[in-house]
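Survey of secondary and tertiary structure
Listed below are the residues making up each chain.
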Amino acid sequence: MGSGQLVTVFGAYGHTGRFVVAELAARGFVPVLSGRNGQALDELAREHGFEARAASVDDPTSLDRALAGAVAVVNCAGPFASTTGPVIEAALRARIPYLDVAAELEANLDTFAHYSERARDAAAVIVPAMAFFGGLGDLLVTAAMGDWTEADEAHIAYALSSWHPTAGTRRSGAVSRERRGARRLRYRGGQWEHRTDAAPTAQWNFPEPVGSRPVIAEFTMADVVTVAQHLAVPDVTTYMTTQAVQDIADPDTPAPTATDENGRSDQTFLIDAVVRSAGAERRATARGQDIYAVTAPLVAEALERVLTGRTKTVGVVSAGEIFDADDFLQALAPHVTFDMYVQKQYA
C-alpha cells in the first residue's frame, strides 16, 4: 500500500480525478491535488484535507512545484492533447513514473511516438491510457492471448447500459474531432488508416445476460492504440453498442449522476475481448459499474505495481506489456468481474 507516499494527481478536481484521489487515499497514498483551476483545487483540498498545488501546462516551473516530493504523477486532466506532453516532461525532470487516463487516440499515439525512445533510455515508466478505455481492454486482450505469440485479429466489444459523458469527455472528443477532421481511424494490416466513409454497423453476441446487440463497428478507442503497440496482431477492432453511441452523440445527454455512496452512476458495462488465430478463438470478459469510477482502481493498481517493481519493462508501455495481465485483472475484484472462456474453433 501507499504508506503515506505523495502522489500528484493533475486534474484532481475533475469527475474522474475525484475518483482517483479517493482510491489513492484508500490505498494509503497521500494525493497532492493539482491542476489549473485554483478555486476548484482549494475547494477539494478543504473537503479532503490534502495539499493543493495549482499548476499550468504553460508554466513548467509550476508543474515542477506540483511534482516536488511526489513518487509519481497521475494525469487526469483533459483534453490530453494539451496536457500529456508538459506533464510527461515534468515527470521526466522529476525522475518519477507518469500514468494517465487518456482516451484520446491522438494523444495516446503522440505519447508513444514522441517519448518511447527517451523514456527507454532514461529507464523511465510512462503508462498512457491506464483507464477503462485503453488499459482494461488491453489487459483483456493480453490475457486472452495467453501463450500465443501472435494472432490474426483482436476484437474488443463494449456493451454500455448508457453513456452519460462528463464535460471532460465532451471536451476531449471535440479536440479529437478537430485534429482528425472528417476522417476516422482504424487499424488494419498492421497500419493505421484514415477513412472518410461511415463506420459500419453489426450485431455482436455478448455473453448473457446482455446477448446480441447492435453495435457500431470500427468505433476506434484507445485500446486499439495500446494493443497494437505490443501485441503481434495486425487487425484490431473495437465496437460500441449503438445506444451508447447515440447517447454520447446527443448534446442533450446529461452528465453522470451519482446513485450510490461511492459516487458511482448506475451505468453498467460488459467488455468482450476476442482474439483469433488460425481458426482458433479465445475470449476474456469484464463486467462492472461506471466506466469513470472503475478507472480509479485501474490506475491505482497500476501505480502500486510500478512503485513496488511488479513490472516487466520500462519506457512508454501499455498495461498488458508492463504488467501480468491475468494477475492484474484478478486484483481488480470487487470492482470488476473477470472471466476467461475456453478456446474454441470459429468458422
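Residues numbered from 1 in each chain as written. Predicted model: local features only at pLDDT ≥ 70, side-chain atom pairs only at ≥ 80, totals over all residues. Heavy atoms only, no water.

When glycine is set aside, most residues are seen to have a negative phi, and most peptide bonds are trans. The amide bond that connects glutamate 208 to the next residue, proline 209, takes the cis arrangement and shows omega of 10°. Along the chain, proline 209 falls in the loop between strand E10 (201–205) and strand E11 (212–217). Omega for the peptide link from alanine 333 to proline 334 comes to 5°, which places this bond in the cis form. By secondary structure assignment, the location of proline 334 is in the loop between helix H12 (325–331) and strand E16 (336–345). The phi dihedral of alanine 129 is positive, around 55°, even though this residue is not glycine. Looking at the element boundaries, alanine 129 is found in the loop between strand E6 (125–127) and helix H6 (132–145). Overall, alanine 129 belongs to the buried group, its relative accessible area being 1%. Even without being glycine, alanine 278 reaches a positive phi, approximately 50°. By the element assignment, alanine 278 lies in the loop between strand E13 (268–277) and strand E14 (280–289). (Helix = DSSP H or I, 4+ residues; strand = E, 2+ residues; numbered from the N terminus. Buried < 20%, exposed > 50% of the residue type's maximum accessible area, 1.4 Å probe, protein only.)

What follows is about the sheet that holds strand E2 (residues 30–35). Sheet strands pair by backbone hydrogen bonding; their relative direction is either parallel or antiparallel. Strand order in the open sheet made by the seven strands is E3-E2-E1-E4-E5-E6-E15, with parallel pairing throughout. Pairing within the sheet leaves two strands with one partner each, and these edge strands are strand E3 (52–54) and strand E15 (315–316). Strands strand E1 (6–10), E2, E3 and strand E4 (72–75) of the sheet are contacted by helix H3 (residues 60–67), whose axis makes an angle of about 165° with E3. (Pairing = 2+ DSSP bridges. Contact = heavy atoms within 4.5 Å. Axes fitted to C-alpha atoms, helices over the stretch in contact; angles between N-to-C directions.)

Within the secondary structure, serine 172 sits in helix H7 (residues 167–180). A relative accessible area of 11% places serine 172 in the buried class.

Estimates place the volume of the largest pocket at around 1,400 Å³. Lining the largest pocket are 49 residues, and of these Trp163, Thr169, Ser172, Gly173 and Ile248 lie nearest its centre. Residue assignment for the lining of the largest pocket shows that the elements contributing at least two residues are helix H1 (15–26), H6, H7, strand E8 (184–188) and helix H9 (242–249). The element contributing the most residues to the lining of the largest pocket is H7, with 10 residues. Taken as a whole, the second largest pocket holds about 310 Å³ of empty space. Element by element, the count of residues in the lining of the second largest pocket is highest for H1, at four residues. (1 Å grid on protein atoms, 1.4 Å probe; cavity = no way out; pocket = protein on both sides within 12 Å on 5 of 7 lines; lining within 4 Å. Points joined across faces, edges and corners; volume = space filled by probe spheres on them.)

Our next topic: the packing of helix H4 (residues 80–94) against helix H5 (residues 105–121). Direction vectors running N to C along H4 and H5 enclose 20°, while the axes themselves pass 10 Å from each other. One way to sum up the angle between H4 and H5 is to call them roughly parallel. Pair H4 / H5 crosses with right-handed handedness. Listed contacts from H5 to Phe80, Ala81, Thr84, Gly85, Ile88, Glu89 and Leu92 of H4 are Ala107, Thr111, Tyr115 and Arg118. Looking at side-chain class alone, the contact of H4 with H5 contains six nonpolar, three polar and two charged residues. (Parallel < 35°, antiparallel > 145°, perpendicular 65-115°, else oblique. Left-handed = near helix turned anticlockwise from the far one by under 90°. Nonpolar A, V, L, I, M, F, W, Y, C, P; charged D, E, K, R; others polar.)

With that settled, the discussion passes to helix H10 (residues 295–307). For H10, which comprises 13 residues, the first-to-last C-alpha distance of 18 Å matches the rise-based estimate of 18 Å (1.5 Å per residue) to within 8%. When you tally the buried positions in H10, you get 12 out of 13 residues, the bulk of the element. Those residues of H10 that fall on the buried side of the exposure criterion are Thr295, Ala296, Pro297, Leu298, Val299, Ala300, Glu301, Ala302, Leu303, Glu304, Arg305 and Val306. (Expected span 1.5 Å × (residues − 1).)

Let us look at the pattern of salt bridges. Overall, the coordinates contain 23 salt bridges when judged by the stated rule. Put simply, arginine 53 and glutamate 51 hold a salt bridge, and the shortest N to O gap is 3.0 Å. A residue is classified by how much of its surface remains accessible, and arginine 53, at 16% relative accessible area, is buried. Residue class for glutamate 51 comes out partly exposed when judged on its relative accessible area of 42%. Residue arginine 276 pairs with glutamate 281 through a salt bridge whose shortest N-O separation is 2.8 Å. A residue is classified by how much of its surface remains accessible, and glutamate 281, at 6% relative accessible area, is buried. (Salt bridge = Lys/Arg side-chain N within 4 Å of Asp/Glu carboxyl O.)

Quick look at the pairing of E14 now. In regular strands, side chains alternate between the two faces of the sheet. Within E14, eight of the 10 residues are buried, which leaves the element mostly enclosed by the surrounding structure. With 10 bridges joining them, E13 and E14 adopt antiparallel strand pairing. The residue bridging valine 274 from the neighbouring strand is arginine 283, located in E14. The loop that links E13 with its antiparallel partner E14 comprises two residues; one of these, alanine 278, has a positive phi angle of about 50°. Strand direction decides the pairing type here: E14 and E16, joined by eight bridges, are antiparallel. Paired with arginine 283 across the two strands is tyrosine 341, which belongs to E16.

A word on the pairing of E11. The pairing of E10 with E11 spans five bridges and is classified as antiparallel. Bridge pairing in E11 places alanine 202 opposite valine 215. Hairpin geometry of E10 and E11 is characterised by an intervening segment of six residues between the two adjacent antiparallel strands and by a positive phi of about 75° at glycine 211. The sheet contact formed by E11 and strand E12 (residues 235–241) spans three bridges and is antiparallel. Along E12, the bridge assignment pairs isoleucine 216 with methionine 240.

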